[in-house]
Amino acid sequence: MHQLTDAERMRRRRRRRVTAFVTFPAVLIATAGVGSAAGMGWLDAPQRDTCQPTVVPAPARASFATNVLNASGKSGVAGPVHAELGKRGFKVGRLGNDTELRAVTPEGEIRYGRKGYDQALLIQQQVPGARMVELPERFDTVVDVVIGTDFRGLAPRPPRPPARPGQFTLNVYNTTYYENLATNTMNDMVRRGFKQGGVSADPQKSWVTEVAVIRYGENGDLNAKLVQQHVPGSTLLRDDRKDASVDLLLGMKWKGLTPQDQVPPIPPEPPKVVPTVSRPCAS
């Protein structure tokens, strides 16, 4: 092995000093430059504008027509959807099979024109998973709900608020031979806040041998149960009416109304909520 002389050792020490003298300030300058650039934001990623959906009041459910069309290949699936939308306050239009000669999104589609965009967004809240499809040739606010092969039904209906006496029409019909029974009973019910309807003998000429019968349609079930709280011993009878009215048929064993202080109190009315739709950001 070659042994370094004193002269060679001296030259190596000088080279190390020169290298350190040059490199150390360069590192300081580079570090300071990066720090300054970061402090001034030069190295930050470019900022992108974030788009927020636009929330607007929803159109009234009964202000536009909603058609329900079957594209599932199964018979009878569109009818219940059509009926349920009507119960939820929508103005239902045509019910039938889809006539579009193309494949439909399996979860279903919501078809609309330019003027019916908010209406379609409102319907979409009822049909989760359905694809929005704009029809350029449509110029009204009509919306189509198209049932696909994988349609899983409408969104669950939210709990209904309790019935209130003044929100529906109450008819009181006397099926007995006691005079003024219907008039006196109606007067008592009006004093309790009910909205007066017909007062007469039963138009259907029924004869109730028991205490009373409360007759109602599908949309008046909660109203009928409210009336029953005031009529002890009464029974419920559902018919095919479409409105929310209720008939109180007074029978031969009529014993009068429940004392008002024994009727369950009605819960406070919930605060009114303005329905809205959320227009998504434009892509």
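Residues numbered from 1 in each chain as written. Predicted model: local features only at pLDDT ≥ 70, side-chain atom pairs only at ≥ 80, totals over all residues. Heavy atoms only, no water.

Asks: Would you mind showing me how to read the environment of V208 here?
Replies: In this structure, V208 sits in the loop between strand 8 (195-201) and strand 9 (212-216). Taking C-alpha positions, V208 is 7.2 Å from L249, a pair spaced 41 residues apart along the chain. Among all residues touching V208, those that are not within four sequence positions of it are T175, V213, L249, L250, G251 and M252. (Helix = DSSP H or I, 4+ residues; strand = E, 2+ residues; numbered from the N terminus. Contact = heavy atoms within 4.5 Å.)

Asks: In this structure, what is going on with the environment of K205? I would like to understand it.
Replies: Looking at the secondary structure, you find K205 in the loop between strand 8 and strand 9. In this structure K205 comes out as exposed when scored by relative accessible area, which is 75%. C-alpha of K205 to C-alpha of T175: the two residues are 30 residues apart in sequence and 7.5 Å apart in space. (Buried < 20%, exposed > 50% of the residue type's maximum accessible area, 1.4 Å probe, protein only.)

Asks: Explain the packing of aromatic side chains to me, please; I cannot follow it from the model alone.
Replies: Within the structure shown, the criterion is met by four aromatic pairs. An angle of 70° between the planes, with centres 6.3 Å apart, marks the rings of F64 and F90 as edge-to-face. On the criterion of sequence distance, the pair formed by F64 in the loop between strand 1 (54-57) and strand 2 (65-70) and F90 in the loop between helix 2 (78-87) and strand 3 (91-97) is long-range, its members being 26 residues apart. F64 gets classed as buried once you look at its relative accessible area, which sits at 1%. Where Y112 meets Y117, the ring centres are 5.7 Å apart and the plane angle is 40°; that geometry is what we call tilted. Judged by its relative accessible area of 7%, Y112 falls in the buried class. (Phe/Tyr/Trp six-rings, centres within 6.5 Å; stacked < 30°, edge-to-face > 60°.)

Asks: Please clarify how the pairing of strand 4 (residues 109-112) should be interpreted in this entry.
Replies: Note on strand geometry: in a regular strand, side chains alternate between the two faces of the sheet. The alternating pattern of strand 4 places E109 and R111 and I110 and Y112 on opposite faces, both of which are buried. For strand 4 and strand 5 (residues 131-134), the ladder comprises four bridges, and the chain directions are parallel. Across the sheet, residue I110 finds its bridge partner in strand 5, namely M132. In the sheet, strand 4 pairs with strand 6 (residues 143-147) via three bridges, with the strands oriented antiparallel. Its bridge partner lying in strand 6, E109 is registered against V146. (Pairing = 2+ DSSP bridges.)

Asks: What is the right way to look at the state of the cysteines in this model?
Replies: Disulfides are covalent bonds that connect the sulfur atoms of two cysteines. A complete count under the given rule lists one disulfide for this structure. Shown here is the disulfide that connects C51 with C281, its sulfur atoms set 2.0 Å apart. Here the disulfide of C51 and C281 is left-handed, its torsion about the S-S bond being about -105°. Of the two residues, C51 is situated in the loop between helix 1 (6-39) and strand 1 and C281 in the segment after strand 12 (276-279); the sequence distance between them amounts to 230 residues. (Disulfide = S-S within 2.5 Å.)

Asks: Honestly, the sheet that holds strand 9 in this entry has me stumped. Any pointers?
Replies: Strand pairing within a sheet occurs via backbone hydrogen bonds; the two strands may be parallel or antiparallel. Across the sheet, which stays open at both edges, the five strands sit in the order 8-7-11-9-10 with mixed pairing between neighbours. Strands at the two margins of the open sheet, each flanked by one partner only, are strand 8 and strand 10 (235-238). Across the sheet, the axes of successive neighbouring strands diverge by a mean angle of 20°, strand direction being ignored. Both strand 7 (residues 169-174) and strand 8 contribute to a ladder of five bridges, which runs parallel. Considered in strand 8, the bridge of Y173 is made with S200. With respect to the sheet, helix 4 (residues 181-191) is in contact with strand 7, strand 8 and strand 11 (246-250), its orientation differing from that of strand 7 by roughly 155°. Of the strands in this sheet, strand 7, strand 9, strand 10 and strand 11 are in contact with helix 5 (residues 221-230), which crosses strand 9 at around 160°. (Axes fitted to C-alpha atoms, helices over the stretch in contact; angles between N-to-C directions.)

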